[in-house]
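Breakdown of the fold
Chain by chain, the residues:
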Amino acid sequence: MEKGFEMLRGTRVLLKAPELKNSGIELTEETEAQLRNEYASKLGVLEVYAVGTAVEDVTEGDNVYVHEFALGSAEKVRINDSVMFLINERDIAIIW
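Just so you know, these numbers come straight off a predicted model, no measurement behind them.

We now examine the overall build of the protein chain. A tally of helices and strands in the protein chain yields two helices and six strands. Written out in order from the N terminus, the α and β elements of the protein chain read β-α-β-β-α-β-β-β. Here the protein chain has a C-alpha radius of gyration of 13 Å; the compact-globule value for 96 residues is 12 Å, and the two agree. Overall, the protein chain is about 40 × 25 × 20 Å in size when its C-alpha atoms are taken along their principal axes. Within the protein chain, the fraction of its 96 residues that count as buried is 35%. Accessible surface, the protein chain as shown: approximately 6,400 Å² in total, 46% of it carbon and sulfur.

Next comes the structure, spelled out in structure tokens:
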């Protein structure tokens, strides 16, 4: 499967952001990002899409819990028409 990029460097981890149901209302990017963060924090479990070259104990496909504050400050990256959360490996508290 094509990841949509060549390499993720360092201790960064890309997480699949939860899909928002289309309500037919057009949202600003800021509002959409806020809704994704709130939704993700309620889910508690996010899937790892990719890991950086220096990540040691998290692998692609793992399900993880990330501190809510980390999700709130996570960068949002669009890859292959999907929104991803870009976090640091140390923000992952639990691996399932």
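We now examine the pairing of strand 4 (residues 75-79). Across five bridges, the pairing between strand 4 and strand 5 (residues 82-88) is antiparallel. Each residue of the ladder has a partner; that of Glu75, found in strand 5, is Leu86. Following strand 4, the chain reverses through two residues before pairing antiparallel with strand 5; Asn80 in that reversal takes a positive phi of roughly 50°.

The rules we used
- Residues numbered from 1 in each chain as written.
- Predicted model: local features only at pLDDT ≥ 70, side-chain atom pairs only at ≥ 80, totals over all residues.
- Heavy atoms only, no water.
- Helix = DSSP H or I, 4+ residues; strand = E, 2+ residues; numbered from the N terminus.
- Rg over C-alpha atoms; globule rule 2.2 N^0.38 Å.
- Buried < 20%, exposed > 50% of the residue type's maximum accessible area, 1.4 Å probe, protein only.
- Areas by Shrake-Rupley, 256 points an atom, 1.4 Å probe, with all protein chains shown as cover.
- Pairing = 2+ DSSP bridges.

Shape descriptors only; they carry no functional weight alone.
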